[in-house]
Every structure is written in structure tokens, then in C-alpha cells.
Amino acid sequence: MWKKVTLGAFALLLGLLANTHLVCRVSINGEQAEGSYSPWVHDRGLLAAEKAAEEILAGEASLPVVKTGCGLSLRPPSGSAAELSGAVLDSVSGIALLDGVFVNSVPLGKVENGEMLMAKLRGYLYYTMPTTAVSGTFSEELTLRPVYTRSGSETNYDDMVLLVSGMAPAVYTDQDGNRVPG
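Parameters at a glance
- Residues numbered from 1 in each chain as written.
- Predicted model: local features only at pLDDT ≥ 70, side-chain atom pairs only at ≥ 80, totals over all residues.
- Heavy atoms only, no water.
- Pairing = 2+ DSSP bridges.
- Helix = DSSP H or I, 4+ residues; strand = E, 2+ residues; numbered from the N terminus.
- Axes fitted to C-alpha atoms, helices over the stretch in contact; angles between N-to-C directions.
- Parallel < 35°, antiparallel > 145°, perpendicular 65-115°, else oblique.
- Left-handed = near helix turned anticlockwise from the far one by under 90°.
- Contact = heavy atoms within 4.5 Å.
- Nonpolar A, V, L, I, M, F, W, Y, C, P; charged D, E, K, R; others polar.
- Phe/Tyr/Trp six-rings, centres within 6.5 Å; stacked < 30°, edge-to-face > 60°.
- Buried < 20%, exposed > 50% of the residue type's maximum accessible area, 1.4 Å probe, protein only.
- Lys NZ or Arg CZ within 6 Å of the ring centre and 35° of its normal.

**Q** Can you help me understand the sheet that holds strand β1 (residues 21-28) in this one?
**A** Sheet strands pair by backbone hydrogen bonding; their relative direction is either parallel or antiparallel. Across the sheet, which stays open at both edges, the three strands sit in the order β2-β1-β3 with antiparallel pairing between neighbours. The sheet is open, and its two edges are formed by β2 (31-32) and β3 (66-73), each paired on a single side. Of the strand pairs in this sheet, β1 and β3 are connected by eight bridges, and their pairing is antiparallel. Its bridge partner being in β3, Arg 25 is matched across the sheet by Gly 69.

Have a look at this one:
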């Protein structure tokens, strides 16, 4: 009887150990970051944040206070290195997350709010559209991507509209689908 109980307890212990994961929980400036991280992801995320902060601020960056607690969990770690480094960079003074503006993958600059820039670009197309045209677009691929950069380095919206229209001139079409000179 005791042999079966001992073997059952041993099997239960092995089952628990097989499903146990080493996880790290991180707090940044005293606030708990979301998710849990494997030790390898934790190290990569913190190293990436440190290197990015030094590159953005051109030298020694004042990183936030990061405290890590490791433990065992039945749930696997769910956080990524990019999430962790983003959380750390969000807490670094002098660094901001802005929307980078790219025309055919060529960086033009950064704006604070990509949606506001798109609204201004739609307005530009509308107000410069010839009377015979029914639609307009830009001739090149325009993309917005979030980028970490030095605070205060954003471009004025009106200047960015001029930059975009210079790199990707507007193209207009009439109701028959023919190109209309703009």
C-alpha cells in the first residue's frame, strides 16, 4: 500500500516538475510590467533597451530602475524581448515613441501622431485635386512605423506634408480611370 502511495506521489511530483517553467517578472521604476519572461528573453530585452537608449541619446543613458524576480510557474513565459525593451524605453527620460514617416522605405522624419498626418495628407489631396478628377493618391508607397527617438525631434505636420508631396507627388484620376494632371 505504501509503495503505491509513494510511487503515486513521486509520479505527481515528476508531472509537476515537467510542467514547471522558470519565469522572470519585471518591475520598472516600481511598477510591474505586464507578462512574464524567460531568463533568456529577459536578458535580451534589457540589453536591447540599454543599447537602443545609448544609441538614441548618444552616450550614457539614464535607464530606469529595473528589478527582476525569478520563480517557478505552471504557466509558460509569455512576454517577448521587444515588449520588455519597449516598456523600458518608454520609461527613459529624453526618449519618445513617435510615428516614423517613410516613402518607399526612405525615412522622411517623425511626427507625434500618424493619424493626424494622414488626415492632413487627405486634406492636401482634396484641396489640390483638379475639378475633373474624382480621386487622388500619392505616387509612391507611404508608410508609418512607430520608432523610438530623441524627445523633441518630431517634424511639424505642415512641413511633413510638403516633404511627402515632394517625394511622392499626387496622382489624380477621373471617373473613367484616366490620369489627370495635377
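**Q** Would you mind going over the packing of helix α2 (residues 39-56) against helix α3 (residues 81-90) with me for this structure?
**A** Following both chains from N to C, one finds α2 and α3 inclined at 45 degrees, their axes separated by 8 Å at the closest point. If you check the angle between α2 and α3, you find them oblique. You can see that α2 and α3 cross each other, and the crossing is right-handed. For the pair formed by α2 and α3, the contact residues are Val 41, His 42, Arg 44, Gly 45, Leu 46, Ala 48, Ala 49, Ala 52 and Ala 53 on the first element and Ala 81, Leu 84, Ser 85, Val 88 and Leu 89 on the second. Taken together, the residues of the contact of α2 with α3 sort by class into 10 nonpolar, three polar and one charged.

**Q** Looking at this structure, I do not really get the packing of aromatic side chains. What am I missing?
**A** The geometry of two aromatic rings is summed up by the distance between their centres and the angle between their planes. A full pass over the atoms with the stated rule returns two aromatic pairs. Each ring, one from Tyr 126 and one from Tyr 127, has its centre 5.1 Å from the other, and the planes form 75 degrees; the classification is edge-to-face. On the basis of relative accessibility, which here comes to 69%, the residue Tyr 127 falls in the exposed class. Of note, Arg 145 hangs over the ring of Phe 102, and the distance from its end group to the ring centre comes to 3.8 Å.

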